[in-house]
Amino acid sequence: TPAARDRLRIAIQKSGRLAEPARSLLASCGLSWRESRDRLFCYGETLPVDLLLVRDDDIPGLIAEGVCDLGIVGRNVLVEQDLDAQAAGRGARLREWRPLGFGACRLALAVPEGWAWHEPSQLAGRRIATSYPQLLTRWLADNCVEARVVVLSGSVEIAPRLGQADAVCDLVSSGTTLAANQLKPVLTLLESEAVLAGPAADLDDVRGELAQLLLRRLDGATRIRH
Ligand code: PRT
Ligand code: ZN
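Residues numbered from 1 in each chain as written. Chains lettered and ligands numbered in written order. Predicted model: local features only at pLDDT ≥ 70, side-chain atom pairs only at ≥ 80, totals over all residues.

**Student:** Could you clarify how one ought to interpret the overall build of the chain in this entry?
**Tutor:** A tally of regular secondary structure across the chain gives six helices and twelve strands. Taking the principal axes of its C-alpha atoms as reference, the chain extends roughly 55 × 35 × 35 Å. A burial count over the chain gives 33% of its 226 residues as buried. A fraction of 66% describes how many contacts in the chain between residues 6 or more apart in sequence connect residues 24 or more apart. (Helix = DSSP H or I, 4+ residues; strand = E, 2+ residues; numbered from the N terminus. Buried ≥ 20, exposed ≤ 12 C-beta atoms within 10 Å, placed from the backbone. Contact = placed C-beta atoms within 7 Å.)

As structure tokens, this is what we get:
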């Protein structure tokens, strides 16, 4: 178990879609920071709440290992990594503490525009490109479809045009990227947004009290914005 600490540490995305909104949400909760020279660590000034600026994919692991207490990350990343941990026999270590109301998108299955889409069984024997193999594999199993999952870390939408896959399973917000690649969304596997992620159990010591204070302020701040 990690050593008791008297400061709360929150992991947020260093750069990317969730970086700025995550920071402004925390600032609207009355937090402010003094930035370190390397801009990876921000020392909390108004409250003992520090930020660690990292890649979004690292956030669930940092919380699970106890390096950080909380994190702001897309539900898509949290659920995918949680399924991955379960598949590796590590159990559910994290949970979603709060939905945060920004970074909305959905994990969708998309097929070539020319396909007449009726039902999941049409995917039998097909190759589906995705960066979310766990979520896709679970959906395929739930729907009794045997398809091949092609794992790509980026540029998933171009895979059908390159002949690497027949369909894709990727994040969609406006749908412009799918359309530009002559693909159409046919099913939603997961509705996503940015969430406050934390350990499955409550935090103890002074960090638990800081987390409760933060949650009260977050609930106030998100209520105002809705
Ligand atoms: O560097 P780092 O690893 O931290 O960042 P990243 O590149 O992995 O993540 P980033 O910043 O792209 O996304 C962070 C999170 O934002 C995601 O995990 C989602 O929770 C959320 N989000 C919201 C999105 C989108 N909307 C989105 N549109 N993530 C990705 N996209 C992609 C989409 O897949 C498509 O390729 O953006 C492209 C444009 O989307 P359309 O549908 O508007 O054309
Ligand atoms: Zn990432």
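**Student:** Even after reading the chapter, I still don't get the site of ligand 1, so can you show me in this structure?
**Tutor:** Looking at ligand 1, there are 22 residues lining it, with Gly-16, Gly-74, Cys-105, Ser-174 and Thr-177 nearest. For the shell around ligand 1, the secondary structure elements donating two or more residues are helix H3 (75-87), strand S10 (167-172) and helix H5 (176-180). Here the shell around ligand 1 is built from residues that sort into five nonpolar, eleven polar and six charged. Among the domains, domain 1 (8-103 + 193-225) and domain 2 (105-191) are the pair contributing at least three residues each to the shell around ligand 1. (Near = placed C-beta within 6 Å. Nonpolar A, V, L, I, M, F, W, Y, C, P; charged D, E, K, R; others polar. Domains from an automatic or database assignment.)

**Student:** Looking at this structure, how should I read the sheet that holds S10?
**Tutor:** Here five strands make up an open sheet; going across it, the order is S9-S8-S10-S7-S11 and the pairing mixed. Edge strands, defined here as strands with exactly one partner in the open sheet, are strand S9 (148-151) and strand S11 (183-192). Pairwise comparison of adjacent strand axes, ignoring direction, gives a mean angle of 25° for this sheet. Two strands pair when backbone bridges link them, and strand S7 (residues 105-112) and S11 are joined in this way by eight bridges, in the antiparallel orientation. Residue pairing across strands places Arg-106 opposite Glu-191, the latter belonging to S11. Where H3 meets the sheet, its contacts fall on S7, S10 and S11, and the angle it forms with S11 comes to roughly 75°. (Pairing = 2+ DSSP bridges. Axes fitted to C-alpha atoms, helices over the stretch in contact; angles between N-to-C directions.)

**Student:** Help me understand the sheet that holds strand S2 (residues 33-35) in this model?
**Tutor:** Hydrogen bonds along the backbone pair up the strands of a sheet, which may run parallel or antiparallel. Strand order in the open sheet formed by seven strands is S2-S3-S4-S1-S5-S12-S6, with mixed pairing between adjacent strands. Two strands bound the open sheet, and with one partner strand each, they are S2 and strand S6 (94-99). For this sheet, the mean inter-axis angle between neighbouring strands, taken without regard to orientation, is 30°. In the sheet, strand S1 (residues 8-13) pairs with strand S4 (residues 49-54) via six bridges, with the strands oriented parallel. Bridge pairing in S4 places Gln-13 opposite Val-54.

**Student:** Quick question: what am I supposed to make of the nonpolar core here?
**Tutor:** One broad rule of soluble globular proteins: the nonpolar side chains tend to lie buried together. Of all hydrophobic cores here, the largest spans 31 residues; its most connected members are Ile-10, Ile-72, Val-73 and Ala-197. Of all elements in the fold, only S1, helix H1 (19-28), S4, helix H2 (59-64), strand S5 (70-74), H3, strand S12 (194-199) and helix H6 (205-225) reach the threshold of two or more residues within this core. Residue contacts for Ile-72: discarding those within four places in its chain leaves Ile-12, Leu-18, Ala-22, Leu-100, Ala-194 and Leu-196. Grouped together as the second largest cluster of nonpolar side chains are 21 residues, Ala-110, Tyr-132, Ala-167 and Val-172 included. (Core = buried A, V, L, I, M, F, W, Y, C linked by C-beta atoms within 7 Å.)

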